[in-house]
Every structure is written in structure tokens, then in C-alpha cells.
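# Descriptive analysis of the structure
Residues per chain are reported as follows:
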Amino acid sequence: EDGDSPGSRLDRVFGLAKEYGAAVICLLIDETGQARDVEWKLSVAHRLYDLAVDRYGLEPGDLLFDALTFPLSTGDDDLRRDGIATIEAIERIKAELPGVFTVLGVSNCSFGLKPAARHVLNSVFLAEAVKAGLDAAIVHSGKIIPLAGIPEEQRQVCTDLIWDRRGLAGGTGTDPEYDPLTSLLDVFADVGDLVTVREDRSGWSIEKRLSQRIIDADRDGLTDDLDSALDTIPPLTIVNEVLLEGMKVVGDRFASGEMQLPFVLQSAETMKAAVAYLEPKMERADRGGRGTIVLGTVRGDVHDIGKNLVDIILTNNGYDVHNLGIKVGINEMIEKALECGADAIGMSGLLVKSTLIMRDNLLELDRRGLSRIPVLLGGAALTRRYVESDLREIYPGRLFYGKDAFEGLRIMDGLMTNDDETWGRTPAGRRAGARRTAGTAVAGTIRSPDVAVDNPIPSPPFLGSRVVRGISIDEIAGYLNETALYRNQWQYRPLEGEDDTTFKARIRAELRARLAEAKAEDLLVPQVVYGYFPASSDANDLIIWEDESRSRERLRLRFPRQSESPHLCIADFFRPAESPELDYAAFHIVTMGDRVSERARSLFEVDRYTDYLHTHGLGVEMAEALAELWHWRVREEWGFAAEDGPTLAGLFRQQYRGGRYSWGYPACPDLEDNAVVAALLGADRIGVTCSEDTSWQYQPEQTTSALICHHPQAKYFIAR
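Below, the structure is looked at part by part. (Residues numbered from 1 in each chain as written. Predicted model: local features only at pLDDT ≥ 70, side-chain atom pairs only at ≥ 80, totals over all residues. Heavy atoms only, no water.)

Here we come to the pairing of strand S1 (residues 24-27). Side chains Val 24 and Cys 26 project from S1 onto a buried face, and the interleaved Ile 25 and Leu 27 project onto a face without burial. The pairing of S1 with strand S4 (residues 63-66) spans four bridges and is classified as parallel. Opposite Leu 27, over in S4, you have Asp 66 as the bridge partner. (Buried < 20%, exposed > 50% of the residue type's maximum accessible area, 1.4 Å probe, protein only. Helix = DSSP H or I, 4+ residues; strand = E, 2+ residues; numbered from the N terminus. Pairing = 2+ DSSP bridges.)

With that settled, consider the packing of helix H3 (residues 82-96) against helix H4 (residues 115-132). Two quantities define a packed helix pair, namely the angle between the helix axes and the distance between the axes. Two numbers describe how H3 lies on H4: the axes approach to 8 Å, and their chain directions differ by 30°. Comparing the axis directions of H3 and H4 gives the class roughly parallel. From H3, Gly 83, Thr 86, Ile 87, Ile 90 and Glu 91 reach across to H4, where they touch Phe 125, Glu 128, Ala 129 and Ala 132. When its residues are assigned to classes, the contact of H3 with H4 shows five nonpolar, two polar and two charged. (Axes fitted to C-alpha atoms, helices over the stretch in contact; angles between N-to-C directions. Parallel < 35°, antiparallel > 145°, perpendicular 65-115°, else oblique. Contact = heavy atoms within 4.5 Å. Nonpolar A, V, L, I, M, F, W, Y, C, P; charged D, E, K, R; others polar.)

Quick look at a negative patch on the surface now. On the surface, Asp 220, Asp 224, Asp 227 and Asp 231 cluster together into a patch of negative charge. Looking at the secondary structure, you find Asp 227 in helix H8 (residues 222-230). (Patch = residues over 30% accessible without salt bridge, like charges linked within 9 Å, V, L, I, M, F, W, Y side chains within 5 Å. Areas by Shrake-Rupley, 256 points an atom, 1.4 Å probe, with all protein chains shown as cover. Salt bridge = Lys/Arg side-chain N within 4 Å of Asp/Glu carboxyl O. Lys, Arg positive; Asp, Glu negative; His and termini not counted. Charge placed at Lys NZ, Arg CZ, Asp CG, Glu CD.)

Below, the discussion takes up the nonpolar core. Counting 59 residues, the largest nonpolar core has Phe 14, Leu 28 and Phe 65 as its most contacted members. Looking at this core, the elements with two or more residues in it are helix H1 (9-20), S1, helix H2 (38-55), S4, H3, H4, helix H5 (152-162) and helix H6 (180-187). Broken down by element, this core gets its largest block of residues, 10 residues, from H4. With near-sequence residues (within four places) excluded, Phe 14 lies in contact with Val 24, Cys 26, Leu 48, Leu 51, Ala 52, Tyr 56 and Leu 58. Counting 43 residues, the second largest nonpolar core, distinct from the first, contains Val 468, Ala 627, Leu 651 and Ile 708. (Core = buried A, V, L, I, M, F, W, Y, C linked by side-chain atoms within 4.5 Å.)

In this structure the tally under the stated criterion is 40 salt bridges. Arg 47 is paired through a salt bridge with Asp 4; the nearest N and O atoms lie 3.6 Å apart. Taken together, the positions of Arg 47 in helix H2 and Asp 4 in the segment before H1 put the pair 43 residues apart, joining distant regions of the chain. Overlapping salt bridges bring together Asp 538, Asp 541, Glu 553, Arg 556 and Arg 558 as one network.

Attention now goes to the sheet that holds strand S7 (residues 292-297). Across the sheet, which stays open at both edges, the five strands sit in the order S8-S7-S9-S10-S11 with parallel pairing between neighbours. Of all strands in the sheet, those bounded by a partner on one side alone are strand S8 (320-323) and strand S11 (399-401). Each strand of the sheet is rotated relative to its neighbour by a mean of 20°, with strand direction disregarded.

Close contact between helix H7 (residues 206-216) and H8 brings their axes to 10 Å; oriented N to C, the two are set at 145°. The hand of the H7/H8 crossing is left-handed. Where H7 approaches H8, its residues Ile 206, Arg 209, Leu 210 and Arg 213 are matched on the opposing element by Leu 222, Asp 225, Leu 226, Ser 228 and Ala 229. Split by residue class, the contact of H7 with H8 holds five nonpolar, one polar and three charged. (Left-handed = near helix turned anticlockwise from the far one by under 90°.)

Below, the structure is given as C-alpha cells:
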């Protein structure tokens, strides 16, 4: 809005994004104002894209374009087509700027309407935007309604308003004076709030009642209806012809955007409960599924939420799923696939490294002559183009990209019915471009000139490592990042009109209950091993010395250096080896132990998905809280904790002296160094292991480590 010259807001924001590796939300606003029509929106989007990518070197995937929307409730003719312009702009941005994402603050479209009308209009507008390619939205999730739950009259009038279908174009198509805004106001005139009224189903057939229970996730009275159905229908027929018909509707609504994921999971839990009730009543021969798949998170990756969702959807749509868990090697996948005669293998992984392991796994399947087995790949680091273009080049069998659990279901359904041998084999589109990676050295740069070498070096309280046990759970909980726990891990959101303080106060009751349960059952077993060591730098290497004489090296850790100014490298935050001054580095490894992970796994296995989510999330964030607490303890021992910011929230934003770096992030990406640090500290003393067998990730899962630097300039940065 104030141009793109040096010092402008755009220049400052893009500059910071480049420096810290941040994503940027790009609102379609220029010097003239907020872009209203489609061509104006696209002109601004292209301009922002060119500046971000060409001038500032940002990646397209770091850009989220907000096409802006305006109230559809004013009746002003100049605003009537604003909703259309927004939706068409989203579609064109996705087509014309490949690799970028789109985001939208949805509720502005309904500004000025009464709450009931706003909830419905927001829900319908969101669904229309998703169809056009919207990737993310800012909404009150508790006020978004599945389209299937909106009465047809309300849904139709909102759709007409969004697409400006006045006169004969909208309504019943017979009234030339029809105005969807006037009609919407009439429809909601007497609606105080949205209340779900259950229709009378007494006259429905038992088949229709059961199918609708799956769609509505209605478990109240489920077994009574199942018993009634068993009087005349065999249990296998109930599953295949009644319950699965309900799940098919759920899948169709999810695919069309009518039903969101939380509602899908509720339907899946209802389906699972129904099948579990019927299974003992089936003949053994009847218990086979529609097909069989082996699932696993690939070797070296411990992330399983997405894979478990695929398990839930496929299992509840009649497939036999052999879920092998996390860190699964290709030999184990192959052995299980051959043992059970699997119709497909599904591989999942979150890490970028996992995409390379998937490639190796495909090569191994082909080498063993097993390319007859179709393979589904899924995970956050994958793209459709990489799987269905690049990887199909090296795997002669059927290979598919599963964007989500329901795409996995569609693929499995296709494999069971599609006899076309070319399906899933033909490489699609152009090959993916190579990823940019950081180099380990930059010609002519052995140390960033921006990093001071005259900062005071504090004396450590001791040299070597120590083990700490018996840490108070309550003390650790005092360092919890409540935003990360409540919103990211537990997926809670504020109620309408609820500010952040009130929101957190409400959810703390849940936290207190979960912590009380964890303490009563000893689920959290916090332990720390940490220490201080004499250190120096040598270009991109951090040298750890045997002792303060610096006569013998104990180990070296190598870090990448930024290829552009200021050419930072973690090693720069320590005195050079040629300096007469000796420097020091601190390391710690913290863990919450095995029990919390074991409990989370057991909860998933018995279909207690809510408890699973809460237990897993608590373990993750308590490990992070322990790392935060122990970093503070190190600063206190080192003598500069008094320089900390005044609030806990400030600590989460690095408002303290120095920095804490964990391996796996861009400034220190080499996971093999986890094992080096584990050996340095003697992590086996607290039950932590790390080796090639664990793909250089710590076990137990809720464990993290860090290098702690005292240098005042040591802050998070991206090295590439």
C-alpha cells in the first residue's frame, strides 16, 4: 500500500521473511487500495510474486495470497460481485502462480448480518472457495457447518447471493424480481440461532436409519438399531450394504467440501463401534475385507498422525489394514505384504529425508521383482508432481500420491476394480525442480564479518556432563507454551467473542486434569543430561576440546553457512581456534521417557482418538517445556539469566541472551550429529539412544537435544 521502495513496509516484511525463512501472507492491496475486481487482484498478485521471488529470493511455497473478500450484505450494486471476484481470483492465482498458496479471512463476506445467517453464509462461502482451490482459511471452526447440515433453502439462497443470481438466474428461476439478499433476510428473519432438530425417523427403514447414523456420527441407540437389523439381515450384509453406504456418503461429502475432517472422524468412530459390535456375530469366513493394504511410516520417521488417519478411513470402509507403525524398514513392509497377500503398500513420512527413503524403497521393491505391488505414498514433504512424475520414472509398478486419507480410499477402490494396466504407471507432467540446499562452505567466507569476536565469555559452572532426575512436573508445566499445546497439538479454538486470555483460562481446566492423570499414573518421567565443554571454531566447524589446554580435539561438529550476506554459520558464535581466548559450549538432552508414548499408542489401538490426541500432545509439549526450563537453568548457571525478557511468552520469542539450536533445522540439519551429542553427554544414562538403527533420531520419541550458545548474537536463522 506504500509501494515497494527501500524502507517501505513491503521491503521490511520481505526482508525479514528472507532473513528468518518465514512465510508471508500477501494481501492484494496496492498503492490505489484494496483490489476489488479479478484483473486488479491478479495484477497485484503477479507484482507481489515477482518482487518476492525475483528481488528477495523467497520461495513460491512461502507465499500465501489473500484474495480479500468484502461484505455481501450491503445491497450496494458495486459490491454484489465481490464474492465472485474473490473466488475467481483464487482459482486464477492457483493456475497462474504455481507453487503458491491461498488464504482467506472468510467471515468478512457476512459482516452486518445476524449470527445465524453469518454462520450459514460463511460455511457456504468457504465451501465455494475450497472448490476454487483455497488452501487455508481464517474462520471460527466451531461456527462452520457441514453443508449437509444446512437446510436446502438456506444453502440455496446463500449460494445465489455469493454468485449474484438475481432475477430468473436464481431462486426457482421464475421470479424476475428475485433478490437473494432480500430472500436471505426473510429466510433468517425468525432464526435466533442454529439449533439442530432431529427429524422423526420412526417411519424409516432400519437400513436407512443405520446408514444415517454413520453419516451423522450418531451412536446413541446404535446397538439397539443393530440388534433390530440382525433380526432379518446377516451381519456381513449390514456392514457391506448398509453401513458402508453411509461411509460412502461421508467420503463423497468430504471430497466435495460439504463435510470437514472433524465430522469425518466422528463418523469413522461410529462405524468402528458398529463393526466391532457385529464382528462376533459373523462367521469366521465372513470377516475378510474388500482388499488388503500394508501401511507404515518409513525408516527414520516417527510421525504417524497422517498414516493413522488413513488406517481409520480404510478400515472403516471395509479394508483390511496392517498398520506396522513408525520407523518401518522396507524389508518389514515386504515381509508383511507377502505374508498377507497385500493388494498395496502405503508409505508415509513427514521429513524431507523420508522422500529419499521412499525412493530407495521403490528401487528395492523393483530389484526384488515385486513391482507388481501397487504403492501409495503420502506425507507433508511430498508433492503429486514428484511422486507421479519423478518417481514413476524409476518404479515400473503402479504408484500413486495420496494427498489425504480419502484419496487413499479412492485409490484402493480403483485398484480393486480398475483393470487398466497403465493406470498408475504413466509419468504425469513435468519433473519437479531440484530443492535448494545449503552448502557447507562459501568461497572466500570463513567467518561472518557481522558476528562480534570481543563479547565477554562467561565461565561455566563446571566442565563435563551431569545427569538430573526428579524434576517437578509442576515446575516443567510452568514453561509450557500454551498456544502450541492448546491450538496446535489439541486443536482447540476460542469461542465466538472469546479473547486469548479467556480462551486459555477455559482450556487450563483440561490441562490440569491431564497433568493430574499423568502424575497419578507416572506417565511423564523427566530426565536431563547436560554439560559444558571447552570449544573453538574453525571456519564452519565447532571444535570441542578434551580439556582447557586445547592440546587435543574431542570432536568436531560441522554446520552449513549462509550463501548470502550476512553468511552466518553457528560456528561463528564461538572464538576462532587461533584466538588466545578459550570459549565454551553447552549441550543438553531432555526426555519425558517412554511411558507417555506407550500410553498414546495404546489409546490409538483402542480407538480412543480424543484421549490419544491429548496424551500425545501433552508429551510433545512437556518435552519442549523441559527444554525451555533447562535452557533457563543453563543461563542461570552461566550467570546471565538476568538478561532474560520479563515474560514467558518473551522466552518463546528468544528474548534472552544467546541461542539454542536443535539438529534437524536448517542451521544444523545433520541428524547424525544427534548421535555425536548423545555420546558426548552419555545419554544412555537417562535411557536415551540414537544410532543408525533409529535413523539418528532419539528414542524415546519425546526427547530433544540442543547446542546452547552464550554469544548475544546467536539467534535462529536459515542457512541456505
